[in-house]
Amino acid sequence: ESVGPAVGADLKKAATMAIALSLLGMLVYVWVRFQLPYGIGAVVALFHDVITTLTALMITQREINLPTVAALLTLVGFSVNDTVVIFDRIRERIKLDRGKPLVQIMDIAINQTLSRTIITNGLTWLVCVGLFLFGGDVINTFAFVLVVGCIVGSYSTVYIASPIALAMSNWIDQRKAARRNRR
C-alpha cells in the first residue's frame, strides 16, 4: 500500500533497468533477425513509444508503479511485433524486387502491411479502450498506457522505424561506396 522513499528509489531504478534492458534485447533481436539499421530503427521507435507514453502519464498525473512498468514492457513487446512484421515484409520484397531502390521497396512493403497494422492495432485499441472505461481502478492505468501505446506504436513503426532503417542503410551504403572509391 505504501512505499518508502528508499524502496521507491529502488523500484524506479529497477523499472528503468527493465525498460533499458528490454530495448537492448530488442535491438539485438532485430539486429540478428534482420540487419543493424533495422535494429536501430526499431529501438528508436520503441524508445519514442515509451517516452511518448511516459509523457502522457506525466500530463495526466498518473502514478508510475509496477503495473505501469508492466504495461510499458507490454507496449514494447506489442510495438516491436508490429515493427518486425513490416521489416519482414521489407526483407521479402528486397528478395523479390532486386534492383529497385530500397525506398521504393519499403514503400511497397509498408503499403502491403498497412491494412493488417490498422486492423490489428485498431482491434487491440478498442479492447484497451473498453478496459480503460469499464475495467475499474486496478487496471485503469495499465489500460491507459496501452490505449496511448497502440496509437503511438502504430505510427512509430511506419513513420519512425522504417525511415530510420532506410536512412541508416543509405548511410552505410554511402560509406561503403566512399571506401571503394578511395581504393
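The structure under discussion appears in the preceding block.
Everything quoted here is computed from the prediction, not taken from an experiment.

**Q** Would you mind showing me how to read the pattern of salt bridges here?
**A** A pair can form between side chains of opposite charge whenever their charged atoms are brought close. Under the defined criterion, the tally for this structure stands at 5 salt bridges. Asp-88 is the salt-bridge partner of Arg-91, the closest N and O atoms lying 2.7 Å from each other. Of the two residues, Arg-91 and Asp-88 are both situated in helix α3 (residues 66–96); the distance of 3 residues between them amounts to about one turn of the helix. When the shortest N-O distance is used, the salt bridge between Asp-97 and Arg-93 registers 2.9 Å. Assigned by exposure class, Asp-97 and Arg-93 land together as buried. One network of salt bridges, with partners in common, ties together Arg-33, Asp-88 and Arg-91.

**Q** Explain the packing of α3 against helix α4 (residues 102–134) to me, please; I cannot follow it from the model alone.
**A** Describing two packed helices takes the angle between their axes plus the distance from one axis to the other. Between α3 and α4, whose axes approach to 8 Å, the crossing angle comes to 145°. Seen from above, α3 lies across α4 with right-handed handedness. From α3, Phe-78, Asn-81, Asp-82, Val-85, Ile-86, Arg-89, Ile-90, Arg-93 and Ile-94 reach across to α4, where they touch Leu-102, Ile-105, Met-106, Ile-108, Ala-109, Ile-110, Gln-112, Thr-113, Arg-116, Thr-117, Asn-121 and Thr-124. Residues that form the contact of α3 with α4 fall into these classes: 11 nonpolar, 6 polar and 4 charged.

Criteria and cut-off values
- Residues numbered from 1 in each chain as written.
- Predicted model: local features only at pLDDT ≥ 70, side-chain atom pairs only at ≥ 80, totals over all residues.
- Heavy atoms only, no water.
- Salt bridge = Lys/Arg side-chain N within 4 Å of Asp/Glu carboxyl O.
- Helix = DSSP H or I, 4+ residues; strand = E, 2+ residues; numbered from the N terminus.
- Buried < 20%, exposed > 50% of the residue type's maximum accessible area, 1.4 Å probe, protein only.
- Axes fitted to C-alpha atoms, helices over the stretch in contact; angles between N-to-C directions.
- Left-handed = near helix turned anticlockwise from the far one by under 90°.
- Contact = heavy atoms within 4.5 Å.
- Nonpolar A, V, L, I, M, F, W, Y, C, P; charged D, E, K, R; others polar.

All we've got here are geometric facts, nothing functional implied.
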